[in-house]
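One-letter residues, chain by chain:
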Amino acid sequence: MAKKAKTSIQNSEHVPLPPPEAEVLTTACGYCIVACSYKVYRWPVGREGGAAKDQNAFGVDFPTGGAPWIAPSQHNIGMHDGRPHHMIVIADPDATVVNRNGNHSVRGGTLAQKIYNPDTPTRDRLKYPMIRIAGVLTPVSWELVTDVMAEVSKHVLKSHGEHAWGMKTYSYEYFENTYAISKLVNRAIGTPVYAPHDKPQNAEDAAGLDDAGINSFAASYDDWGKCEVAFLSGVDPYETKTVLFTEWMMYGDVPDKKMIFVTPHKTMGVAYGVDRGGLWLPVTPGTDTALHLAMSKIIIDNKWQDQEFIDKWVNNKWEIESGYGRGTRNTRWQWRTTWGRWQSDWNDFQKFIANEKAANLDEAAAITGIDKDLIQAAAEMIAKPKADGSRPKSSFMLEKGNYWSNNYMNTASLATLGLICGAGNRPGQVISRGGGHQRGGMGAGGGKGFLSPEKHPGRRKKALNVDRWVMDGNVRFFWTIGLTWFAAMLSSQELSTRVGDLTIRNKHQPRSVDRDHLIKTFIDRADSGGMVLVDSDIYPVDPLNTQYADIVLPAAGWGEVDFSRCNAERRLRLYAKFNDPPGEAKPDWWAIGKFAQKMGFKGFDWKESNDIFEEAARFSRGGVLNYYALAVHAKREGKRAHEKLRELGTTGIQTPIRVIDGKLVGTPKLHDPNNKWGELEDVTTDQKWLYAFGTHTGKANMLKAPWNNDSWSDFYEAIKPRKDKGEIWITNGRVNETWQSGFDDLRKPYLAKRWPWPFIVIHPDDAKPEGIESGDLVEGFNDTVYVQTGAPVGVKDKDLSFTELMKNGHIKTVTGQFVAVAIVSDEIKPGVAKAAFNYPGSMANSVCHAVPDPVSGNYRYKLGRGVLRKVGESAYKKNFLEMSLKPRPILT
């Protein structure tokens, strides 16, 4: 029988076995895009399972190799129904999808440590609503805080208009929350002042893929297992989506596949790929387009293109123009694909590439800094037919290193390179993002983006740059949810300083928790040109809510509410509630609902997260995350939609969900000509992108990306490192052991010791002149950081070029700096340093220019520059207990 144990809420190195009566719940990892399958074992403190098979929930005799091994990092004690419970969180050993047989990353393997436990570093969770009184965050009630927010918001909207009220929030943190945000912003408030966490405006991530007709998440994980060659642009999947790499790319149907990595940093996955016959192309930041052009030219010159695929699946000139008509072309993608600079077809593209200077091999090698023999070898590897005449099955993955450096051109040129090789809609031949966050965004329809004062050339619609709008003093009430904001955006210190001016340095500061006093003080601030700042999060975030936010709301997150979302292959699952949130923390949808009702808005009176999941289902129709059929079938069966999803366990179902022979059917891959919608008269609607590409014809658009153009060239010349000043490129990125800003990881003892400080990887050639050694504290400093100002309107084609913006007074210069611990290693390309992205207390993006890509509107986060200065020795230089300074490309 199960034995009794001493009641305690303390963690220890002792890991108890779950007793037979332990509850088992299903969830998925809360971190990277892969979203591995997990099981949670929960039972009250005071009992433990035994070694005999009838004494534990696994039903095996211990010690044994036939049951999951439970590490101390996979056990915690949390609260359930007000009582302490043991909670074990392990990768599902029975999983048949995603992380088959229980594979997991170091991030997922420590999920249990994020459970709130006052005896662990999670004790600093936000537990109560707070208002800053005389500079000090003071606990208050939900009633008071939402009263104040609503009254101030009503005044702002009435006196200053919808352009003075804005939000910046995560785009991924579950359908239930993001739908509530969208409903508030788009349908209730009706403001254009909204942007997701990772962009200054509400626009596409990989616009070139979208314009080509390729969905960024069209692929299934199985496609990465089936490809023979993987072209990996700006990404090492091992570091940032580990199980996709270790489960599918290292193995899968073709375990001996060749991998080509395009990145300036030779990380662990790169070393693995090169060791097995792949290639490392150490590209100079921002120059991927020239590489793609040169590879395309090599392929075309040698007639290695997949002509049969191109003839069948790529639009010709007539097909492109037949669907456009002669209207105003008043959307972003219509403007980009209509007027000739980017729009192309196969015949036109061949002429373009033959005359494009940057496509010449020698020129491309000079631009990219990649040896021309490597470029030639890469082109051969992805496209040269084999001895038997068959073509290599090549797939193309892109991520932040690609689209966060030269956003539109890099994504458009990569899409075309993939199409030339016959990739896009066949098994093992796909073009897709690897992914960052999970896919938890769900819109509520509507939207007032057309109210944006910014315009593309020809005065065409352009989303508002929210960061710039705030900095220019146009926002009076701003609500951020689940982000770091300053560290994640560009010219971080300038943005942070300006927000401080608008909030804590404004003269109108509350001195009491009296309701009327608070409302009057915040209204006076708004009327004086200041801004009232509200932040919702699970932890203190420095400096956003520790120093600047006037109101801080405590959120409930993973494991504390029933939530739902998808991963990179659009696999929808329920993330089950298994422990209580701390104090009065509430899910963000609840806080939005409470606020909206006090504003007088209807339809926000949700009682539980399932209410929102069911309401949002009909808004998912028409999109690739369509789960409407599941909600309809649940209703027919007399079930809640969440319960129907719960029944699918860790397998879930891939969206869009179809109905075939009366049964729910998932969709492994988009654009697949073998896909059928099934019973359209039931609950699904026909969309071409299911079985063809996402264009008006169902064929892909081939795009050209000339290297020299007024959307890029002048900006690139202006921001290149100045050798006479000793500058180098300072880019940024992530490593395997840390997720995002490390918000959880810094509260996990092992991971906190691994990266207690942010790093900067420097090549020995760049470290030597400054006497920098591994373990030294190093400052990155840029004395000329460009920041775009105002809301420029494009009339002529060149109006949004860097040169014209500078001439018209829309560019100012500031300085930026950060400090990090040096890792000196030849794993990084000479002339390039790589800093930790979005690390608290070290805003590496401060040295990056806040001037967005004028075509897509996205920031170019990877293109920082500066000088490196040795500050002194860090505490970790001679400390072997924390922060290993060893190089990353380690092979076993």
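The rules behind the values
Position labels on residues start from 1 in each chain and follow its written sequence. For this predicted model, a pLDDT threshold of at least 70 governs which residues receive local features, and a threshold of 80 or more governs which side-chain atom pairs are given and counted, while totals over whole chains, interfaces and linings are taken from all residues. Side-chain metrics in this entry use all non-hydrogen atoms of the structure; hydrogen atoms and water are not considered. What counts as a helix is a DSSP run of H or I of at least four residues, what counts as a strand is a run of E of at least two, and both are numbered from the N terminus. For two strands to count as paired, DSSP must find a minimum of two bridges between them. Only the stretch in contact is used when a helix axis is fitted, and all axes are lines through C-alpha atoms; the angle between N-to-C directions ranges over 0 to 180 degrees. The aromatic pairing rule takes the rings of Phe, Tyr and Trp, using the six-membered ring of Trp, and pairs them if the centres are within 6.5 Å, calling planes under 30 degrees apart stacked, those over 60 edge-to-face and the rest tilted. Think of it in three bands: residues with accessible area under 20% of the maximum for their type are buried, residues over 50% are exposed, and the middle band is partly exposed, with areas taken using a 1.4 Å probe on protein chains only. A residue's pLDDT is the predictor's confidence in that residue, given on a scale from 0 to 100. The contact criterion used throughout is that any non-hydrogen atoms of two residues lie within 4.5 Å. Residue types Ala, Val, Leu, Ile, Met, Phe, Trp, Tyr and Cys, when buried and joined through side-chain atoms within 4.5 Å, form a set referred to as a nonpolar core. Counted as salt bridges are all cases of a side-chain nitrogen of Lys or Arg within 4 Å of a carboxyl oxygen of Asp or Glu.

A. Representation of unusual backbone geometry. Look at the link from Phe 62 to Pro 63: it is a cis peptide, with omega at 0 degrees. Locating Pro 63 in the fold gives a position in the loop between β4 (47-48) and β5 (75-80). The omega torsion of the bond from Thr 655 to Pro 656 falls at -5 degrees, within 30 degrees of zero and hence cis. Even without being glycine, Asn 101 reaches a positive phi, approximately 65 degrees. Along the chain, Asn 101 turns up in the loop between β6 (83-91) and β7 (130-133). Positive phi outside glycine occurs at Trp 485, with the angle close to 60 degrees. One can find Trp 485 in the loop between β19 (477-481) and α18 (492-502).

B. The arrangement of the sheet that holds strand β29 (residues 759-762) in detail. Around the barrel, which closes on itself, the 6 strands sit in the order β28-β32-β29-β31-β30-β33 with mixed pairing between neighbours. Adjacent strand axes in the sheet meet at a mean angle of 45 degrees, parallel and antiparallel pairs treated alike.

C. Layout of the packing of aromatic side chains. Inspection of the entire model under this criterion finds 38 aromatic pairs. Both rings, one in Phe 486 and one in Tyr 548, keep their centres 5.6 Å apart while their planes meet at 70 degrees; by these two values the pair is edge-to-face. Here Phe 486, found in the loop between β19 and α18, pairs with Tyr 548, found in helix α20 (residues 544-548); they are 62 residues apart in sequence, far enough to count as distant. Of the two residues examined, Phe 486 and Tyr 548, each falls in the buried class. Pairing Trp 707 with Trp 712 gives two aromatic rings, centres 5.7 Å apart and planes at 65 degrees, and the pair type is edge-to-face. On the basis of relative accessibility, which here comes to 0%, the residue Trp 712 falls in the buried class.

D. Highlighting the confidence of the model for the protein chain. Residues of the protein chain with pLDDT of at least 70 account for 96%, and the chain-wide mean is 94. Predicted confidence is poor over residues 4-11, with pLDDT under 50, and the contacts of this stretch with residues over four places away or in other chains come to 22 contacts.

E. Structural detail: the environment of Thr 685. Position of Thr 685 relative to the elements: it lies in the loop between β26 (663-665) and β27 (702-703). Taking the C-alpha atoms as reference, Thr 685 lies 44 Å from Pro 540; in sequence the two are 145 residues apart.

F. Structural context of the nonpolar core. Core analysis: the largest hydrophobic core is formed by 143 residues, its most contacted members being Phe 231, Ile 382 and Trp 485. Apart from the residues within four sequence positions on either side, Trp 485 is in contact with Lys 168, Asp 467, Val 470, Phe 478, Thr 480, Leu 495, Val 499, Leu 533 and Leu 544. Counting residues in hydrophobic clusters, the runner-up holds 121 residues, among them Tyr 194, Met 250, Ile 612 and Ile 657.

G. Examining the side chain of Lys 183 more closely. Mapping Lys 183 onto the fold places it in helix α2 (residues 175-189). Judged by its relative accessible area of 7%, Lys 183 is buried. Every residue in contact with Lys 183, bar those within four places of it in the chain, is listed here: Ala 188, Ala 444, Lys 602, Gly 603, Phe 604, Trp 606 and Glu 615.

H. Region of interest: the pattern of salt bridges. All told, the structure shown has 61 salt bridges when counted by the stated rule. Taking the shortest distance from any N to any O, the salt bridge between Arg 433 and Asp 205 comes out at 3.2 Å. Residue Arg 433 is located in strand β16 (residues 431-433), and its partner Asp 205 is located in the loop between β10 (194-196) and α3 (207-212); the two are separated by 228 residues in the primary sequence. For the pair shown, Arg 433 and Asp 205 are each scored as buried. A salt bridge links Lys 400 to Glu 399; the nearest nitrogen and oxygen atoms lie 2.8 Å apart. A relative accessible area of 13% means that Lys 400 is categorised as buried. Taking the relative accessible area as the measure of exposure, Glu 399 reaches 3% and is therefore buried. One salt-bridge network, in which partners are shared between bridges, spans Glu 143, Asp 147, Arg 515, Asp 516, Lys 594 and Lys 598.

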